[in-house]
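Overview (structure and organization)
Here is what each chain is made of, one letter per residue.
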Amino acid sequence: MAHTHESNTKRIWTVFGLLSVITIVEVALGIVKPDFLFKTDLFKMHLLNWIFIILTVVKAYYIMWAFMHLEGEKANLRWSIVAPLVFLIIYLVFILLIEGNYVFDVFQGSQYKWIF
């Protein structure tokens, strides 16, 4: 039996299009910074930052889905790979934002000077 080769051109363009649209939205929001998103706080962080975090996690998930070929695997295997990574990304972003905010508050309200 001969193995037939299928073209993945449509899939490649779909992945490229979706990742490009998400990236364009992120860049456009970063350039424009709409006031209703930038000046609205949710859990001590601007709503615009939350949108960036959510879009980045969605993009990371889709990259794993497409380039690690997870769409053809069983659901349990997919979630055993994706869930820890998504959790760790969200945790890392959370820790970086909390610690960054703490350092900012320390330097803003104390006698220490910005040396960096």
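Residues numbered from 1 in each chain as written. Predicted model: local features only at pLDDT ≥ 70, side-chain atom pairs only at ≥ 80, totals over all residues. Heavy atoms only, no water.

**Comments concerning the overall build of the chain**
Condition: Each helix is a run of H or I in the DSSP string that is no shorter than four residues. Each strand is a run of E no shorter than two, and both are numbered from the N terminus. Atoms counted for the radius of gyration: C-alpha only. Globule rule: 2.2 Å times residue count to the power 0.38. In this scheme, a residue with accessible area under 20% of its type's maximum is buried, one over 50% is exposed, and one in between is partly exposed, where area comes from a 1.4 Å probe on protein chains only. Throughout, a contact is declared for two residues whenever any of their heavy atoms are within 4.5 Å. Throughout, the Shrake-Rupley method with a 1.4 Å probe supplies accessible areas, and for residues the shown protein chains are the sole cover considered. Positive charges are assigned to Lys and Arg, negative charges to Asp and Glu, while His and the chain termini are left out of the count. Each charge is placed at NZ for Lys, CZ for Arg, CG for Asp and CD for Glu.
Counting its secondary structure elements, the chain contains four helices and two strands. Starting at the N terminus, the α and β elements of the chain follow one another as α-α-β-β-α-α. By the compact-globule yardstick of 13 Å for 116 residues, the chain is too spread out, its C-alpha radius of gyration being 20 Å. C-alpha extents for the chain along the principal axes are approximately 80 × 30 × 25 Å. Expressed as a percentage of its 116 residues, the buried residues of the chain come to 18%. Considering only intrachain contacts with a sequence separation of at least 6, the fraction spanning at least 24 residues in the chain is 44%. Surface accessibility of the chain: about 9,500 Å² in total, with carbon and sulfur atoms responsible for 71%. Looking at the chain, you have 9 positive and 8 negative side-chain charges, and the mean spots of the two groups are 2 Å apart.

**Things to note about the confidence of the model for the chain**
The condition that has to hold: Summary of the metric used: pLDDT quantifies the predictor's per-residue confidence within the range 0 to 100.
The pLDDT averaged across the chain works out to 84; a share of 91% of its residues lies at or above 70. Least confident of the elements in the chain is strand 1 (residues 41-42), whose mean pLDDT is 78; most confident is helix 1 (residues 9-32), at 93.

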